[in-house]
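Close look at the chain arrangement
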Amino acid sequence: MTIGLKLDRNVFVQNHKMMYTGANKTALRCLHYPPLPPDTDIKPGQVRCGEHSDYGSITLLFQDGVGGLQVQNVHGVYVPATPVPDAILVNIGDLMQRWTSDELKSTKHRVLIPDEDFAKRQVRRSLAFFVQPDDDALITCLDGSNKYEPITSLDYLNMRFGVTYMPVS
């Protein structure tokens, strides 16, 4: 990414040095969607996981073949992110969007219940590797524009989690 953005190659690396310590909230999550019982009343377009963006730098998503994930394109339309065998889907997170002053946009996405009957009756699993900058990393616009107010990674994470959950420490 740094090459494409014409930035110093270490600009992101230096802000992710504390991964796998208590000073960085990078996390690996197994996302499990159980099969739906045959008598479940499902409305067309029913959502399993509502629209959201990821909070950190990037997310690496490993998904099974069941499907259901949709991503919002540049026109604001949701399109299927059809699973590709042995591929990793990369989502840009909110803090990367702030760092790049919107040069890279955070990916809004959601998970729908598949239309196909056989897919509704299967378990859907994916692994999401949420890459966060170090807790004390100050996220500023790298182009000097000040489009976004500077904020630390942990403060941003607490702000976003505070809307839904409770702050992390």
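Just so we're clear, the structure is a prediction, and the values are computed from it rather than from any experiment.

Taken together, the side chains of L28, F62, I88, V90 and L127 define a hydrophobic patch exposed on the protein surface, amounting to about 440 Å² of accessible area. The residue V90 is located in strand β6 (residues 89–92) in this model.

Looking now at the sheet that holds strand β5 (residues 78–80). Overall, antiparallel pairing links the four strands, which are arranged β2-β7-β4-β5 in an open sheet. Sheet topology places β2 (47–52) and β5 at the edges, where each strand pairs with a single neighbour. Averaged over neighbouring strand pairs, the angle between their axes works out to 25° when direction is ignored. In this sheet, strand β7 (residues 109–112) lies alongside β2 in antiparallel orientation, the contact comprising three bridges. Among the inter-strand pairings, V47 is bridged to a residue of β7, identified as L112.

A general feature of soluble globular proteins is that nonpolar side chains tend to end up buried together. Formed by 16 residues in total, the largest nonpolar core has its most connected members in F12, I58, M96, W99, V131, I139 and Y156. The element that contributes the greatest number of residues to this core is helix α2 (residues 94–99), accounting for three residues. Apart from residues lying up to four places away in sequence, W99 is in contact with F12, N15, H16, S57, P133, L138, I139, T140, C141 and L142. One finds L61, V71, V111 and A128 within the second-largest nonpolar core, a separate group that totals nine residues.

This paragraph deals with the state of the cysteines. Under the criterion given, the structure shown has zero disulfides. Free of any disulfide, C30 has its nearest cysteine sulfur in C49, 14 Å distant. Judged by its relative accessible area of 53%, C30 falls in the exposed class.

Reading the values: rules and limits
- Note on numbering: residues in each chain are counted from 1, in written sequence order.
- Side-chain atom pairs in this predicted model are given and counted only at pLDDT of 80 or more, local residue features only at pLDDT of at least 70, and totals for whole chains, interfaces and linings cover all residues.
- Each side-chain value is derived from all of the structure's non-hydrogen atoms; neither hydrogens nor water enter the calculation.
- Without a salt bridge and with relative accessible area above 30%, a residue can belong to a patch; like charges are then joined within 9 Å and nonpolar side chains (Val, Leu, Ile, Met, Phe, Trp, Tyr) within 5 Å.
- Using a 1.4 Å probe, the Shrake-Rupley method yields the accessible areas, and only the shown protein chains count as cover for residues.
- Whenever Lys or Arg places a side-chain nitrogen within 4 Å of a carboxyl oxygen from Asp or Glu, that contact is recorded as a salt bridge.
- In DSSP terms, a helix is any run of H or I states spanning at least four residues, a strand is any run of E spanning at least two, and both are numbered starting from the N terminus.
- Pairing between strands is defined by DSSP: at least two bridges between them are needed.
- For helices, the axis comes from a line fit to the C-alpha atoms of the stretch in contact; other axes are also lines fit to C-alpha atoms, and the angle between any two N-to-C directions lies between 0 and 180 degrees.
- Working definition of a nonpolar core: buried Ala, Val, Leu, Ile, Met, Phe, Trp, Tyr and Cys residues. They are joined through side-chain atoms within 4.5 Å.
- Accessible area is worked out with a 1.4 Å probe on protein chains only. A residue is then buried under 20% of its type maximum, exposed over 50%, and partly exposed in between.
- For this analysis, residues touch if any pair of their heavy atoms sits within 4.5 Å.
- Working definition: a disulfide is two cysteine sulfur atoms within 2.5 Å of each other.

From the geometry alone we can't say anything about function, so treat these as descriptive.
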